[in-house]
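# Results of the structural survey
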Amino acid sequence: MSTTLERPALGTPRKVAPAKDRGTLLRSQVRTGWTLLTPALLHSGIFIVIPVIAVLVLSLTDYSFGDTWSWVGFGNYSTLFRDVDFLASLWHTVLYAIVVIPISMAISLAVAIGLNQKIKGIGFFRTAFYIPTVTATVAIATIWLWIYNPGSGLANGFLSLFGVAPNRWLADPATALPSLMVVGIWQGLGTKIIIYLAALQGVSRDLLESADLDGASRWQKFANVTWPALGPVQFFVLITSIVGTFQVFDLVYVMTRGGPGSETRVLVLDIYQNAFQDLKLGYASAETVIMMIVIALFIGVGRLLQRADTND
Amino acid sequence: MTSATLPAVGAGQSSSKPSAIRPGRILLYVVLIIGALLMITPFLWMVLTAFKSDLEIMKFSWLPSELRWRNFTEAMQTAPFLRYFRNSLFIAVGETAFTLAVCTTAGYALAKMPLRGGKMLLNYFILLLLVPFQIILVPLFMIVKSIPLFGGNNILGHGGIGWLNSWWGLIIPLGAAPLFTFLARQFYVSLPDELAQAARVDGLGEFGIFWRIMTPLIKPALITICVFQIEAAWNGFLWPLMITTSDTMRPLQLGLAIFSQNPAEIQWPYLMAGTALATLPMIVLFVFAQKRFVEGMANVGIKG
């Protein structure tokens, strides 16, 4: 690497007096800068930017790995809105997001506030809440598959202690999606707690203390000092949660494959099956574009909520 | 909090509390401990199941009647777990090395080099942070399939399978995420320019300054990137599922998923033993790197 960098450019004297000639220095910095940046630019261009553009283009075609394909305009889109599998997936994904995001944000914030009270054994609690997050979703899904086992799983075993009748959990259309939501909430707490905790520690001490002096109650302090200070972090957590919940796949793939029936079919699963089992790449791309639009809508609503909150 | 007696002018001892045990405090601990138990119990249940016999798991019970260590060795034999394990390790190491190389160089250039449009380039990488991998699933697959001159492809990328079913395909496309470029940049930015200036006076080239002076100073960032990337690579599932067809390259998570495909025939003790083995390395890594990992996570969150 370094040999190419030290090669003198055209017209520059071979030995540059160090740090004397600003023009030469600038030129060599610019050259080094671009050399260092090029791999990342190339990589992101090839593996992120081109695919994003390609998905928009593909969605207007009937491409399916073959040699021939043709433009179909918005045909894929109009087919999608009559496709019961797609509509079910969209509905379940939106439902999953609407339930999982607020609940997990609320629990995470509550736990973070608890952990922020100069708790003993913070390391233990932090590890406990974070372990599900560093564990592979496939492993999580496998464990919960066993917990939800109708015959001898932990869920029924535990609930029977309280006299609750055994449930079929993932096999029962009524409880399948909620059962997945529980796992989604459970696994996602760790990241949010850590972020909230860091943010809480950044809340101005002075403000809290002057609130104390004014005789503010705990609740007043939370509502008037802590909550507004958390604004930007709330938004970050919200965005990452939206993007994360819309991506749910591993969990569903291992635990239910979208079943029973299509009660737990979600968008990425449907896209995956359309693209890589039915080889309808154009169709799956159109589905992806719709997913992007829905995510953008969710983020837009999130921004509105945040703005309404901070304008008070 | 009614007892805020001292206004505490000094920053340090602002909240020296009376150590009386209050009921609220006890309630807090009880709630937190219950919460922590809810987090840990599934893992405990996994480990306990891994020691049970096929007969024992027919009925619900907490503890195994004896510790059947042989479940672990037998599980390793029923599926090529060892090979999956080695594959995952290889992918994690390869992807981390690739990410470190690409993201530190780019992060440094963005932070310290006087590039025209530098601000725009930074925004470009921040914008890319928002693109989830699932969105580009289909075209990414097609691009990887048509990498020229690989897997029987001609120079135009036709005719073969490109990087499908290859280590290249498993490692390169998902490595070097913009997140890590951004993270590295945040750390380089905070280093003082005088350091580079002094090295320049000593006659060190620009690349030497990057590699020998600046990069050793952002060790915390490098560790954060390593831990994040290892976790991500180890836990990856959808991408390997899409691009591997042969068992020889499959990573651990794929092996687990295949193992649990048919609920009626799953041998739970074996599956739990395999899952425990798959989970353990990342938990150990996390416990060791805990503080750093958490700081990195928090920084990304707050600065993002």
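Fair warning: this is a prediction, and the values are worked out from it, not measured in the lab. (Residues numbered from 1 in each chain as written. Chains lettered and ligands numbered in written order. Predicted model: local features only at pLDDT ≥ 70, side-chain atom pairs only at ≥ 80, totals over all residues.)

What follows covers the overall build of chain A. A count of helices and strands for chain A gives 14 helices and zero strands. In chain A, the order of α-helices and β-strands from amino to carboxyl end is α-α-α-α-α-α-α-α-α-α-α-α-α-α. Its C-alpha atoms give chain A a radius of gyration of 26 Å, clearly above 20 Å, the size a compact globule of 312 residues would have. C-alpha atoms of chain A, sized along the principal axes, occupy 90 × 75 × 40 Å. (Helix = DSSP H or I, 4+ residues; strand = E, 2+ residues; numbered from the N terminus. Rg over C-alpha atoms; globule rule 2.2 N^0.38 Å.)

When helices and strands are counted, chain B shows 13 helices and zero strands. Tracing chain B from N to C terminus, the helices and strands come up as α-α-α-α-α-α-α-α-α-α-α-α-α. Counting only residues that meet the buried cut, chain B has 42% of its 304 residues in that class. A fraction of 65% describes how many contacts in chain B between residues 6 or more apart in sequence connect residues 24 or more apart. (Buried ≥ 20, exposed ≤ 12 C-beta atoms within 10 Å, placed from the backbone. Contact = placed C-beta atoms within 7 Å.)

Another aspect to go through is the domain arrangement of chain B. All names here are of chain B. As far as domains go, chain B holds domain 1 (24–68) and domain 2 (79–303). For domain 1 versus domain 2, the distance between C-alpha centres works out to 33 Å. Taken together, the residues of the side of domain 1 that touches domain 2 break down into four nonpolar, two polar and two charged. (Domains from an automatic or database assignment. Nonpolar A, V, L, I, M, F, W, Y, C, P; charged D, E, K, R; others polar.)

This part takes up the UniProt feature "transmembrane region" (unreviewed entry) in chain B. Residue and element names in this part refer to chain B. Following the UniProt record, the feature "transmembrane region" (unreviewed entry) maps to residues 26–48, 89–110, 122–144, 164–184, 221–242 and 268–289 here. When the span residues 89–110 is considered, its composition is 100% helix and 0% strand, and the gap between its end C-alpha atoms is 31 Å. For the annotated span residues 221–242, helix accounts for 91% and strand for 0% of the residues, and the straight-line distance between the end C-alpha atoms is 31 Å. (UniProt positions renumbered as here; feature names shortened; annotations may be inferred.)

So, about the UniProt feature "transmembrane region" (unreviewed entry) in chain A. UniProt's feature table lists "transmembrane region" (unreviewed entry) at residues 36–60, 94–115, 127–147, 177–199, 235–255 and 281–305 of chain A, given in the numbering used throughout. Counted over residues 127–147 of chain A, helix gives 90% and strand 0%. Its end C-alpha atoms are 22 Å apart.

Before going further, it helps to examine the nonpolar core. One finds Trp144(A), Val252(A), Met255(A) and Ala184(B) to be the most contacted residues of the largest nonpolar core, which totals 156 residues. Leaving out residues up to four positions away in the same chain, Trp144(A) has contacts with Val183(A), Met255(A) and Pro42(B). (Core = buried A, V, L, I, M, F, W, Y, C linked by C-beta atoms within 7 Å.)

Between chain A and chain B, the residue contacts involve 83 residues of the former and 80 residues of the latter. By residue number, the principal contributor to the side of chain A that touches chain B is helix H2 (residues 22–58) of chain A, which donates 22 residues. Residue classes in the side of chain A that touches chain B are distributed as 56 nonpolar, 20 polar and seven charged.

What follows deals with the environment of Asp193(B). Residue and element names in this part refer to chain B. Mapping aspartate 193 onto the fold places it in helix H8 (residues 193–201). Assessed through the 8 C-beta atoms surrounding it within 10 Å, aspartate 193 is described here as exposed. Spatially, the C-alpha atom of aspartate 193 lies 9.8 Å from that of methionine 214, the residues being 21 residues apart in sequence.

Moving on: helix H5 (residues 122–134) of chain A. Residues and elements named next belong to chain A. The end-to-end C-alpha distance of H5, which contains 13 residues, comes to 18 Å, matching closely the 18 Å that a straight helix rising 1.5 Å per residue would cover. Alanine 128 marks the point of greatest bend in H5, at about 30°, and the proline proline 132 comes within the next four residues. With 10 of 13 residues buried, H5 is to be regarded as a mostly interior element. Of the positions making up H5, those classed as buried are Phe125, Arg126, Thr127, Ala128, Phe129, Tyr130, Ile131, Pro132, Thr133 and Val134. (Expected span 1.5 Å × (residues − 1). Bend = angle between axes of the 7 residues up to and from the residue.)

Attention now goes to the confidence of the model for chain A. Residues and elements named next belong to chain A. For chain A, per-residue confidence averages 86 on the pLDDT scale, and residues scoring 70 or more make up 93% of the total. Looking across chain A, the model is least confident in helix H1 (residues 2–6), with a mean pLDDT of 40, and most confident in helix H4 (residues 84–115), with 94. A low-confidence stretch, residues 1–19 stays under pLDDT 50, and its non-local contacts, those more than four residues away or across chains, total 22 contacts. (pLDDT = per-residue confidence, 0-100.)

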